[in-house]
There are 6 protein chains.
Amino acid sequence: MKEFTHINEQGRAKMVDVSQKDDTIRIAVARGEVRMHRKTLSLIKTGGIAKGDVLAVAQIAGIMGAKKSPDLIPMCHPLLLTGIDMSFFINEEESKVEIQASVKLTGKTGVEMEALTAVSIGALTIYDMCKAVDKGMEIQNIRLVSKSGGKSGDFLRKGEKLWEV
Amino acid sequence: MKEFTHINEQGRAKMVDVSQKDDTIRIAVARGEVRMHRKTLSLIKTGGIAKGDVLAVAQIAGIMGAKKSPDLIPMCHPLLLTGIDMSFFINEEESKVEIQASVKLTGKTGVEMEALTAVSIGALTIYDMCKAVDKGMEIQNIRLVSKSGGKSGDFLRKGEKLWEV
Amino acid sequence: MKEFTHINEQGRAKMVDVSQKDDTIRIAVARGEVRMHRKTLSLIKTGGIAKGDVLAVAQIAGIMGAKKSPDLIPMCHPLLLTGIDMSFFINEEESKVEIQASVKLTGKTGVEMEALTAVSIGALTIYDMCKAVDKGMEIQNIRLVSKSGGKSGDFLRKGEKLWEV
Amino acid sequence: MKEFTHINEQGRAKMVDVSQKDDTIRIAVARGEVRMHRKTLSLIKTGGIAKGDVLAVAQIAGIMGAKKSPDLIPMCHPLLLTGIDMSFFINEEESKVEIQASVKLTGKTGVEMEALTAVSIGALTIYDMCKAVDKGMEIQNIRLVSKSGGKSGDFLRKGEKLWEV
Amino acid sequence: MKEFTHINEQGRAKMVDVSQKDDTIRIAVARGEVRMHRKTLSLIKTGGIAKGDVLAVAQIAGIMGAKKSPDLIPMCHPLLLTGIDMSFFINEEESKVEIQASVKLTGKTGVEMEALTAVSIGALTIYDMCKAVDKGMEIQNIRLVSKSGGKSGDFLRKGEKLWEV
Amino acid sequence: MKEFTHINEQGRAKMVDVSQKDDTIRIAVARGEVRMHRKTLSLIKTGGIAKGDVLAVAQIAGIMGAKKSPDLIPMCHPLLLTGIDMSFFINEEESKVEIQASVKLTGKTGVEMEALTAVSIGALTIYDMCKAVDKGMEIQNIRLVSKSGGKSGDFLRKGEKLWEV
């Protein structure tokens, strides 16, 4: 197990030096979900335009949120994201909306945080859009699914597979 | 069950009109957690200054994130937050860090989103600080715990009690 | 004709003092349009979800842009907007998308700039979404339509009437 | 006519993947204008320092606005702008201020949106500085004038020529 | 001597609760200076428009910076600033530019940080505009000059008097 | 002595064109200090966690501030900072906290402004955290200590040496 890399010689956090890292293509995929009442899910799903709207707002919020990651997470490097996509899957059995964000970059550090931030802001936006009808919603299971590029090697979370979108 | 309030007459989202609402004192408390390897938790906990640092960075990120809520969540009203506090609890049995944010306001709308955003950004920051040693961490169970003030009445989530901080 | 109010004693701009102004309900409505090829308009309009998407993105961008006005316009006061709504009207005869933003506030200064900013950012977003097919689009006729509240009195632009949305 | 590139497989907007594009020098020039009462134009133009100030504020706002484009326009890529310049021309015959922005970049995507945003924010700032004397001003004719660099080839709008600044 | 108010029960920083404070008119004045080579000062001062420009850019940057204070300083409350003014004084004897910012608010907490931030960002901007000719400039003596409003009483720094602007 | 480079042909400021500059590794180190009452310094220093906290908050604020430089300083280029570190030194003899920021980049322009901004925001944050006990604190002596990389050559301020951190 490696040591923390964000701590400087005074025992305080720093933004680690990545000047020597190569510019490679990096991709990260993250997922999470918002659990809610069946009636809330139904309101999102049915209702014609209204449905589209909740997820459309969540999706735009997630994309814009990914771009703000270095402004939100103190030790996160600024990056020139080259692509962001988000998908939503309504899981009626478990009464939840599943969210996936994939982020792409040609640069010096990975984009895990950007993908996780996109999912988090998307989930918060779903909560905001629906909170007038359901304050008990829960944001669950935000996790990194896969990551490629960079010298630390590829990562694929056990038991996950990519969605067919 | 009420209807969505964020949809305008064209079926699109809007920022709802709260001009007529009263300025009252409003408080919201939200919680969430980051589950991780025991070794990661141990690295956060032991290690003197290093431990303090991960949670100190997460806490400042959460407070700053709460202030950014209207910039992150499209239909969220700008608010003059009058107080923000965050607490962390290391739960060794379940190998996780628990996060609580409480936000206070004298204003026209509730601060649920600000409390949930503080917890989310705090959790993302813990992930960022520790991801070099543990990519499998999960952000779980982000939920509103309580809310008071405003005409929709008080809310206390079943089975929750306030921490003694 | 009054004098400029944004100039200080050194001949430089300042953010004028509104401390003594009353908190009243203020509303501003602004409009503008994006002129384009008929084929571009058709691509926005037909195409099922795709159509909805261009305007949905523009609308969310406009609402978020209105909230950023004091960060964009140097002498603009920060304000707690209490409501923002945007509407779009596809004008096929003149091959353009018309945009309307209405902004509401209980506060010390008017919200004209916020309404004009919402329209401008909405128009820029339509341009961005469609520029791969039509670089010749023009943003036209961004203007204040009406304003109420505050001691300078109400304003209604000649020849304009409110849309029935 | 090409198809929209900002729509993903779920029919929702995405930030398109430009990872494979080359880093080339790209330049975009945009223009627009603010039409106003002759007296307003005269107040901007005469009046010694005061004149300089309105346009100086507009120009700085435009330059700062260009840098914020990816934060304002949801599907706009973050870019490392390498140069931004703005010019103003007082057109007394037509009683308007003409605005030009040119933006330069070494990067993977064009800077049309950044140039158009600079002009738009510059125009909004002129409106803000002068609105106490003239609420009827109109922002007109914001358009892309030219663009070079990138594989889609150069673009020069019909009937436009570069200003001699 | 009072105790720190920004520390919570876990020994970590928090944004202190000001919900119970009254909304009163509050004013703060801060000052600072940029010391430089005589030739640099001369380039700022002479040179017609060029001179005005350095200070005009600094002044706009300072005003916009004051509005960003809660986004820059972690425990700083968001506030609705009602007025911001900046003045510059070229001190040839001591070869420096003196900067003053005064900030006004009707609200619950003082605006000392906003005034100090305006001066700091103004000073950094002067440095940026002149650094091609003088890397040795120093930013000195940033301090609170006076403060009024609020229950902690008025403050006037010893030996200072307000400028006649 | 060179001429200003930030002025365009209309005598107004511009963001200078750096498209042709090479991407090289660039480092800048800046320093400054906050002078205060001995009792204030003692409260920062002793007091266990409380001490750590003031400087921890200042350090995170400084790092986040460095990333915001192009948003704060009008003519500052956006840059992809590759490393930021801050150190603090409590100087009891002179009753002050000394601050150092070092910033690293692989890019087209220097990072002097980012290092100076980190120090400035760090100093403002110390002021904010301690102002309840000491309004007379002064921010002093913010200056560039060293700079390397880029064609203008290296710079080392006379009389300065790097800290052993």
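Residues numbered from 1 in each chain as written. Chains lettered and ligands numbered in written order. Predicted model: local features only at pLDDT ≥ 70, side-chain atom pairs only at ≥ 80, totals over all residues. Heavy atoms only, no water.

- Under an unreviewed UniProt entry, chain A has the name Cyclic pyranopterin monophosphate synthase and belongs to Dehalobacterium formicoaceticum.
- Check the Function (unreviewed entry) section of the UniProt entry for chain A; it says "Catalyzes the conversion of (8S)-3',8-cyclo-7,8-dihydroguanosine 5'-triphosphate to cyclic pyranopterin monophosphate (cPMP)."
- In its Catalytic activity (unreviewed entry) section, UniProt records this for chain A: "(8S)-3',8-cyclo-7,8-dihydroguanosine 5'-triphosphate = cyclic pyranopterin phosphate + diphosphate". (UniProt positions renumbered as here; feature names shortened; annotations may be inferred.)

## A word on the overall build of chain A
- Counting its regular elements, chain A contains four helices and five strands.
- For chain A, the α and β elements follow one another from N to C terminus as β-α-α-α-β-β-α-β-β.
- In chain A, buried positions account for 67% of the 165 residues.
- In chain A, 70% of the contacts between residues at least 6 apart in sequence involve partners at least 24 apart.
- Carbon and sulfur atoms make up 49% of the accessible area of chain A, which amounts to about 5,900 Å² in all. (Helix = DSSP H or I, 4+ residues; strand = E, 2+ residues; numbered from the N terminus. Buried < 20%, exposed > 50% of the residue type's maximum accessible area, 1.4 Å probe, protein only. Contact = heavy atoms within 4.5 Å. Areas by Shrake-Rupley, 256 points an atom, 1.4 Å probe, with all protein chains shown as cover.)

## Regarding the relation of the copies chain B and chain A
- Mapping chain B onto chain A leaves a residual RMSD of 0.0 Å; the transformation is a rotation of 180 degrees accompanied by 0.0 Å of translation along its axis. The superposition of one copy onto the other is thereby described by a two-fold rotation axis. Minimal C-alpha distance to the rotation axis in chain B is attained by B:Q140, lying at 2.3 Å.
- A share of 98% of the interface residues of chain B reappears at the interface of chain A, consistent with the copies meeting face to face through the same patch. (Least-squares fit on C-alpha atoms with pLDDT ≥ 70 in both.)

## Things to note about the interface of chain B and chain A
- Tallying the contact residues gives 56 residues for chain B and 55 residues for chain A.
- When chain B packs against chain A, the two sides together hide about 5,000 Å² of surface, and 69% of this comes from carbon and sulfur.
- Along the contact surface separating chain B from chain A lie four salt bridges.
- Two residues, B:D71 and A:K68, come together in a salt bridge whose shortest N-O distance is 3.6 Å.
- Sort the elements by how many residues they give to the side of chain B that touches chain A and helix α4 (residues 112-130) of chain B lands first, with twelve residues.
- For the side of chain B that touches chain A, the residue count by class is 28 nonpolar, 13 polar and 15 charged. (Buried area = accessible area lost by both parts, 1.4 Å probe. Salt bridge = Lys/Arg side-chain N within 4 Å of Asp/Glu carboxyl O. Nonpolar A, V, L, I, M, F, W, Y, C, P; charged D, E, K, R; others polar.)

## Quick notes on the relation of the copies chain F and chain A
- If you rotate chain F by 120 degrees and push it 0.0 Å along the axis, it lands on chain A with an RMSD of 0.0 Å. The two molecules are tied by a three-fold rotation axis, judged by turn and shift. Of the C-alpha atoms belonging to chain F, the one lying closest to the rotation axis is found on F:L80, 4.6 Å away.
- Residue by residue, only 9% of the interface of chain F is reproduced at the interface of chain A, so the copies engage with different surfaces.

## Some thoughts on unusual backbone geometry
- In the Ramachandran plot, B:S95 falls in the positive-phi region, its phi being about 50 degrees despite a non-glycine side chain.
- Checked against the element boundaries, B:S95 lands in the loop between β2 (81-91) and β3 (96-107).
- Take B:S95: its relative accessible area is 7%, and that puts it in the buried class.
- The backbone phi angle of F:N141 is positive, close to 65 degrees, even though this residue is not glycine.
- Within the element layout of this structure, F:N141 appears in strand β4 (residues 138-148).

## So, helix α4 (residues 112-130) of chain D
- Its 19 residues give α4(D) an end-to-end C-alpha distance of 27 Å, which sits within 8% of 27 Å, the value for a rise of 1.5 Å per residue.
- Most of α4(D) is tucked away, with 19 of its 19 residues classed as buried. (Expected span 1.5 Å × (residues − 1).)

## Considering empty space enclosed by the protein
Residues and elements named next belong to chain A.
- Applying the stated criterion across every chain yields a total of two cavities of 30 Å³ or more.
- In this structure, the second largest cavity occupies an estimated 30 Å³ of space.
- Looking at the second largest cavity, the residues that line it are R26, I27, A28, G110, V111, E112, K147, S148 and G149.
- Looking at the lining of the second largest cavity, the elements with two or more residues in it are β1 (24-35) and β4 (138-148).
- Of all the elements, β1 adds the most residues to the lining of the second largest cavity, at three residues. (1 Å grid on protein atoms, 1.4 Å probe; cavity = no way out; pocket = protein on both sides within 12 Å on 5 of 7 lines; lining within 4 Å. Points joined across faces, edges and corners; volume = space filled by probe spheres on them.)

## Some details on the UniProt feature "active site" (unreviewed entry) in chain A
- Following the UniProt record, the feature "active site" (unreviewed entry) maps to A:D128 here.
- As for its placement among the helices and strands, A:D128 is situated in helix α4 (residues 112-130).

## Considering the nonpolar core
- The biggest cluster of nonpolar side chains holds 300 residues, and the ones touching the most others in it are A:I126, B:I126, C:I126, D:I126, E:I126 and F:I126.
- Discounting chain neighbours no more than four positions away, the residues touching A:I126 are A:V34, A:M36, A:I44, A:V54, A:L55, A:A58, A:F88, A:V97 and A:I99. (Core = buried A, V, L, I, M, F, W, Y, C linked by side-chain atoms within 4.5 Å.)

## Considering the pattern of salt bridges
- The full count for this structure, using the stated rule, is 78 salt bridges over all chains.
- One salt bridge in this structure joins A:E33 and A:K96, with 3.1 Å as the shortest N-O distance. Residue A:E33 is located in strand β1, and its partner A:K96 is located in strand β3 (residues 96-107); the two are separated by 63 residues in the primary sequence.
- Take A:E33: its relative accessible area is 4%, and that puts it in the buried class.
- Taking the relative accessible area as the measure of exposure, A:K96 reaches 6% and is therefore buried.
- Of the charged contacts, one joins D:D23 and D:K108 as a salt bridge, the two residues approaching to 3.8 Å between their closest N and O atoms.

## Describing the interface of chain F and chain A
- The interface is formed by 22 residues belonging to chain F together with 24 residues belonging to chain A.
- When chain F packs against chain A, close to 1,800 Å² is buried across both sides, 53% of that on carbon and sulfur atoms.
- Ranking the residues of chain F by area buried against chain A places F:K67, F:L80 and F:T82 at the top, with a combined share of 28%.
- Secondary-structure elements contributing two or more residues to the side of chain F that touches chain A are α2 (49-67), β2 (81-91) and β3 (96-107) of chain F.
- At eight residues, the largest contribution of residues to the side of chain F that touches chain A is made by β2(F).
- Class assignment of the residues belonging to the side of chain F that touches chain A gives a composition of 13 nonpolar, five polar and four charged.

## Things to note about the packing of helix α4 (residues 112-130) of chain E against helix α4 (residues 112-130) of chain F
- At a closest axis distance of 11 Å, the pairing of α4(E) and α4(F) adopts a crossing angle of 165 degrees. What the angle tells us is that α4(E) and α4(F) run roughly antiparallel. As for how α4(E) packs across α4(F), the hand of that crossing is right-handed. On α4(F), the residues that touch E:M113, E:L116, E:T117, E:S120, E:L124, E:Y127 and E:D128 of α4(E) are F:M113, F:L116, F:T117, F:S120, F:L124, F:Y127 and F:D128. (Axes fitted to C-alpha atoms, helices over the stretch in contact; angles between N-to-C directions. Parallel < 35°, antiparallel > 145°, perpendicular 65-115°, else oblique. Left-handed = near helix turned anticlockwise from the far one by under 90°.)

## Considering the environment of B:L41
All names here are of chain B.
- Within the element layout of this structure, L41 appears in helix α1 (residues 38-45).
- Assessed through its relative accessible area of 4%, L41 is described here as buried.
- Each C-alpha atom, one on L41 and one on I90, is 7.9 Å from the other, the two residues being 49 residues apart in sequence.

## Considerations on the pairing of strand β2 (residues 81-91) of chain C
Residue and element names in this part refer to chain C.
- Buried residues dominate β2, accounting for ten of its eleven residues.
- Two strands pair when backbone bridges link them, and β2 and strand β3 (residues 96-107) are joined in this way by ten bridges, in the antiparallel orientation. Within the sheet, the bridge partner assigned to D85 lies in β3 and is S102.
- Connecting β2 to the antiparallel partner β3 that follows it, the hairpin turn spans four residues, and S95 within it adopts a positive phi of roughly 50 degrees. (Pairing = 2+ DSSP bridges.)

## Quick look at the pairing of strand β1 (residues 24-35) of chain B
All names here are of chain B.
- Looking at chain direction, β1 and β3 are connected through twelve bridges and run antiparallel. The partner of G32 across the bridge, within β3, is I99.
- Two strands pair when backbone bridges link them, and β1 and strand β4 (residues 138-148) are joined in this way by eight bridges, in the antiparallel orientation. Bridging from a neighbouring strand, R31 pairs with R143 of β4.

## Observations concerning the state of the cysteines
- Under the counting rule described, the total for this entry stands at zero disulfides over all chains.
- The structure places no disulfide on B:C130, whose sulfur is separated from the nearest cysteine sulfur, that of A:C76, by 14 Å.
- Classification of B:C130 as buried rests on a relative accessible area of 1%. (Disulfide = S-S within 2.5 Å.)

## Observations concerning the environment of E:P70
- Structurally, E:P70 is set in helix α3 (residues 69-72).
- The class for E:P70 is buried, based on a relative accessible area of 16%.
- It is 32 Å that separates the C-alpha atoms of E:P70 and E:N91, two residues lying 21 residues apart in sequence.
- Contact partners of E:P70, with chain neighbours within four places excluded, come to B:K67, E:C76, E:H77 and E:P78.

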